[in-house]
Amino acid sequence: MGRARQQADVRSHRLDEAEIARNFGDLHPPLHRSEALIAADRCYFCFDAPCTTACPTDIDIPGFIQKIRSDNLQGSAKTILQENIMGGMCARVCPTEVLCEEACVRNTHEEQPVAIGLLQRYATDPVFASGTQLFSRAPSSGKKVAIVGGGPAGLSCAHRLAVLGHDAVVFNRDAKPGGLNEYGIAAYKTIDDFAQKEVAWILSIGGIELRNEQALGPDFTLEQLRDEYDAVFLGLGLAATNALGLDHEDLPGVGDAIEYIAGIRQAEDLAELPVGRRVVVVGGGMTAIDIAVQSKRLGAETVDIVYRRGPEQMGASQYEQDLAQTNGVTIHHWAAPVELLGDKHVTTVRFARTELDGNGRLKSCGDEFELQADTVFKAIGQALDNHPLDGQGLDLEAGRIVVSASGKTSLDNVWAGGDCVLGGDDLTVTAVQHGKLAAIDIDRHLREA
Ligand SMILES: Cc1cc2nc3c(=O)[nH]c(=O)nc-3n(C[C@H](O)[C@H](O)[C@H](O)COP(=O)(O)OP(=O)(O)OC[C@H]3O[C@@H](n4cnc5c(N)ncnc54)[C@H](O)[C@@H]3O)c2cc1C
Ligand code: SF4
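Residues numbered from 1 in each chain as written. Chains lettered and ligands numbered in written order. Predicted model: local features only at pLDDT ≥ 70, side-chain atom pairs only at ≥ 80, totals over all residues. Heavy atoms only, no water.

As a structural note, the neighbourhood of ligand 1 is formed by 34 residues, with Asn172, Asp174, Lys189, Leu216 and Asp419 the closest of them. Between an oxygen atom of ligand 1 and a main-chain N or O atom of Leu180, the distance comes to 2.9 Å. Note that an oxygen atom of ligand 1 is positioned 3.2 Å from one of the backbone N or O atoms of Leu427. Contact with the protein chains removes 96% of the 1,000 Å² of surface that ligand 1 exposes when unbound. (Near = heavy atom within 4 Å. Polar contact = N/O pair within 3.5 Å; in protein donor to acceptor, adjacent residues only side chain to side chain. Areas by Shrake-Rupley, 256 points an atom, 1.4 Å probe, with all protein chains shown as cover.)

Written as structure tokens, this is what we have:
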């Protein structure tokens, strides 16, 4: 295949504006009042509610649903947001099908849980639309905490510290705050610039100074922060991406899914984004599903996800896998890439079929197949960029920061949370919980000091 033909296969305007607008509209449109009341009426208001136990931020779910029933939406929103300050975003992006809604007892009787995510959105949307402030700050403690990272973990920590009377300075590498809420989550899960509206509301509590484009490493060191502030919280996320480890990985057409997704989220006009005709995605997590579905919705003709293990081992939930398939994405299991082919641009990926050996380890079973591709996205996970932490004496394990249950690291006065710590599950809701718990522990520590 000639070079001109290959380049023509990656182009913008595959779909017209109306199709793009339809494809990138709200994935789960909000409930109207009558729908919300019907959904709320399905709740049994269980004692020791299993849905609350399953929520990583411990939201009193029957409590907020009860308030929806009595039309007390502000009270309902407060019940949610006092446990999860990003309850608005989580209502849109939480994999509820494996959290609260999976635990809902309605599943047993009717195989249909209470629509907890949609109800949470119904209760919280008016707060962000009106900018209503629900929280106030305790009298000033005179203490100042440095937060590194303006993603869900960092912002949750900053907000709770502000409520408790401390000042927080958030140093954020990116040009905008929000972390992956702004640069990573699929565009159709968070439309209308919701991530920035939510951050603006969080900051409106006061006492939080946001410094964008300020990065630990190039601009300041951890040692400086520990000297200048009463405590430090690290919410760095996972800034590095994993490589396939194959030859020709730098061939044009082979790229990181995360980078392309950030481009989608920041695009002023989605139709202008070049997209391949035949897209191959390597990986099995949420990022793989998101890049595959968004490529298809931008007009790619064929999109294939190839994952080295089976459907049960995929990081993406069954719901996400179904979403990919109903969007026309083909998922191939038990195969791993062995060669990227092409001269001046990728044209083909060769895969080896895989299976487990007697010890449960993955091995190639000798069979191979090829997929034609003008675009190959790597979606095989991210890693902590630990360069800024080198030589600081911080305990790391399996490439992540080791913390206690309350987020305390091995260094005095330093806490951490979110994706960058060991033992998390790489979800927005978990990052928010880490930030909240660390703030509560920092507060205790500052008051005892
Ligand atoms: C493509 C994709 C889709 C996802 N979809 C979902 C989903 O649908 N639902 C869900 O629950 N979760 C989803 N997740 C996971 C979720 O986005 C993360 O778990 C969550 O954002 C983690 O929050 P965090 O604050 O730890 O890190 P991040 O959101 O990564 O934020 C880290 C912040 O730190 C800043 N930073 C990084 N390095 C430095 C430095 N050296 N100095 C200063 N600041 C720095 C960055 O600028 C960024 O603002 C998705 C993740 C990806 C990659
Ligand atoms: S488990 Fe289901 S029915 Fe029970 S309180 Fe939670 S949402 Fe309501």
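Note that strand E12 (residues 335-342) and strand E13 (residues 346-356) share seven bridges and pair antiparallel. Its bridge partner being in E13, Leu340 is matched across the sheet by Val349. Here E12 hands over to E13 after three residues, the two strands then running antiparallel side by side. Hairpin geometry of E13 and strand E14 (residues 362-372) is characterised by an intervening segment of five residues between the two adjacent antiparallel strands and by a positive phi of about 80 degrees at Gly360. (Pairing = 2+ DSSP bridges. Helix = DSSP H or I, 4+ residues; strand = E, 2+ residues; numbered from the N terminus.)

As a matter of local geometry, ligand 2 sits amid Cys43, Tyr44, Cys46, Ala49, Pro50, Cys51, Pro62, Cys104, Val105, Val114 and Ile116. In the shell around ligand 2, the residues fall into 11 nonpolar, no polar and no charged. (Nonpolar A, V, L, I, M, F, W, Y, C, P; charged D, E, K, R; others polar.)

Here we take up the packing of aromatic side chains. Overall, the coordinates contain eight aromatic pairs when judged by the stated rule. Here the aromatic rings of Phe128 and Trp201 are separated by 5.3 Å at their centres, their planes lie at 80 degrees, and the arrangement is edge-to-face. With Phe128 in helix H10 (residues 116-130) and Trp201 in helix H13 (residues 194-203), this residue pair connects regions lying 73 residues apart in the sequence. The same class applies to Phe128 as to Trp201, namely buried. (Phe/Tyr/Trp six-rings, centres within 6.5 Å; stacked < 30°, edge-to-face > 60°. Buried < 20%, exposed > 50% of the residue type's maximum accessible area, 1.4 Å probe, protein only.)

Judged by pairing direction, the sheet is antiparallel, and its three strands sit side by side in the order E12-E13-E14 without closing on themselves. Of all strands in the sheet, those bounded by a partner on one side alone are E12 and E14. Along the sheet, successive strands turn relative to each other by an average axial angle of 25 degrees, direction set aside. (Axes fitted to C-alpha atoms, helices over the stretch in contact; angles between N-to-C directions.)

Now for the sheet that holds strand E4 (residues 208-212). Pairing is parallel across the open sheet formed by five strands, whose spatial order is E4-E3-E2-E5-E19. Each edge of the sheet is formed by a strand with only one pairing partner; in this case those strands are E4 and strand E19 (414-416). Shown here is a sheet whose adjacent strand axes are inclined to one another by a mean of 20 degrees, direction ignored. In the sheet, strand E2 (residues 144-148) pairs with strand E3 (residues 167-172) via five bridges, with the strands oriented parallel.

Before going further, it helps to examine H13. The element H13 is largely enclosed, with a buried count of seven among its 10 residues. Burial in H13 covers these residues: Phe194, Ala195, Gln196, Glu198, Val199, Trp201 and Ile202.

Counting across every chain of the model gives 26 salt bridges. In this structure, the salt-bridge partner of Glu83 is Lys436, at a minimum N-O distance of 2.7 Å. Here Glu83 is found in the loop between helix H6 (73-81) and helix H7 (87-93), whereas its partner Lys436 is found in helix H18 (residues 428-448), with 353 residues between them in sequence. What makes Glu83 partly exposed here is its relative accessible area of 25%. Here Lys436 falls in the buried class, since its relative accessible area comes to 4%. Notably, a salt bridge pairs Lys189 with Glu320, separated by 3.2 Å at the nearest N-O pair. With Lys189 in the loop between helix H12 (180-183) and H13 and Glu320 in helix H17 (residues 318-326), this residue pair connects regions lying 131 residues apart in the sequence. In this structure, Lys189 and Glu320 share a single accessibility class: buried. (Salt bridge = Lys/Arg side-chain N within 4 Å of Asp/Glu carboxyl O.)

Keep in mind these values describe shape, not function.
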